[in-house]
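# Coordinate analysis (summary)
Spelled out from the first residue to the last, the chains are:
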Amino acid sequence: NGRNTSRGLRCGCHIGHMLGYGPWESGRRAGGSSCFRASPSGRIGGGMKVPNVLAIGGSDPSGGAGIQADIRTITALGAYACAAITLLTAQNSGAVAAVWKVPGRRVRAQLETLLADVSVQAIKIGALGSQSTARAVAEVLEALPELPVVLDPVHRASAGPWLLDRGARRVLLERLVPRATLLT
C-alpha cells in the first residue's frame, strides 16, 4: 500500500508524524504509475522514495498561511507537495481585501485529475470555503479510506473574513471530522 511501517516521530509537524520517515515500501498503482511521485531527483538520501502529500486549501499570496505554508512545511519534511486550491484571496500580512471561493466542481476536477496520476500517502485539508467544495472533498476522500488525513478546519482568516460558510461547516462536522486521522 505504499505506507511506512515504521512510525518513529522524527519531526515537529503533524504531517511528518503521519508519514513517519523510515524505509518506504514500493508498489504500483492502477495504470502503472509509481506509488511515489518523484521529486525532481526522484529520491532522497540513500535511494529512499519521496512520499507525496496532497494539500487542499486556500491560497495566501503573502505566504504566511494556506497552501503556500503547507507546501513549505511538506517540502521541509522531505516529501513532495501536491496541491488543490479551494480559495483565492487578495491579502497581505495585515489584511484580507477579498476572498473568491473556487466552485466545488472545479476543486473536484483538480483532485480527480491529480489523483489519477499521483499516488499520495497523506492528505492535509485547510480552508474549504463553500458547502459544494466541502462536499466534493468529502466525496473524493470516500474513495481513499486508507489514507491518513490531517484536518485543519480554517473557519476564519486571522486578518478578517469568514472562510467557511454555514453549509460547509455542517459538511465539515458530519463528514470530514469523522474521517480525519488528526484534527488540529
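It should be noted that the structure appears before, not after, this text.
Residues numbered from 1 in each chain as written. Predicted model: local features only at pLDDT ≥ 70, side-chain atom pairs only at ≥ 80, totals over all residues. Heavy atoms only, no water.

Of regular secondary structure, the protein possesses 5 helices and 8 strands. Reading the protein from its N end, one meets helices and strands in the order α-β-β-β-α-β-β-α-β-α-β-α-β. Evaluated residue by residue, the protein yields a buried proportion of 46% over its 184 residues. Intrachain contacts of the protein at a sequence separation of at least 6 include 66% that bridge at least 24 residues. When the accessible area of the protein is evaluated, it comes to approximately 8,900 Å², of which 54% is carbon and sulfur surface. (Helix = DSSP H or I, 4+ residues; strand = E, 2+ residues; numbered from the N terminus. Buried < 20%, exposed > 50% of the residue type's maximum accessible area, 1.4 Å probe, protein only. Contact = heavy atoms within 4.5 Å. Areas by Shrake-Rupley, 256 points an atom, 1.4 Å probe, with all protein chains shown as cover.)

What follows deals with the pattern of salt bridges. By the definition in use, this model includes 5 salt bridges. The shortest N-O distance in the salt bridge between Asp-152 and Lys-124 comes to 3.6 Å. Here Asp-152, found in the loop between strand E7 (149–151) and helix H5 (166–176), pairs with Lys-124, found in strand E6 (residues 122–125); they are 28 residues apart in sequence, far enough to count as distant. For Lys-124, a relative accessible area of 8% puts it in the buried group. Of the charged contacts in the structure, one is a salt bridge between Glu-142 and Arg-175, with a shortest N-O distance of 2.7 Å. Residue Glu-142 is found in helix H4 (residues 131–142), and its partner Arg-175 is found in helix H5; the two are separated by 33 residues along the sequence. (Salt bridge = Lys/Arg side-chain N within 4 Å of Asp/Glu carboxyl O.)

The next thing to look at is the environment of Ser-93. Take Ser-93: it is sitting in the loop between strand E4 (80–91) and strand E5 (96–101). Judged by relative accessible area, which is 78%, Ser-93 ranks as exposed. For the pair Ser-93 and Ser-62, spaced 31 residues apart in sequence, the C-alpha to C-alpha distance is 6.0 Å.

Two elements in contact, H4 and H5, have axes separated by 7 Å at closest approach and are oriented at 20°. Judged by the angle between their axes, H4 and H5 are roughly parallel. Regarding H4 and H5, the two cross each other, and that crossing is left-handed. In contact with Gln-131, Ala-134, Arg-135, Val-137, Ala-138, Glu-139, Leu-141 and Glu-142 of H4, H5 contributes Gly-167, Ala-168, Arg-170, Val-171, Arg-175 and Leu-176. A per-class count over the contact of H4 with H5 returns 7 nonpolar, 2 polar and 5 charged. (Axes fitted to C-alpha atoms, helices over the stretch in contact; angles between N-to-C directions. Parallel < 35°, antiparallel > 145°, perpendicular 65-115°, else oblique. Left-handed = near helix turned anticlockwise from the far one by under 90°. Nonpolar A, V, L, I, M, F, W, Y, C, P; charged D, E, K, R; others polar.)

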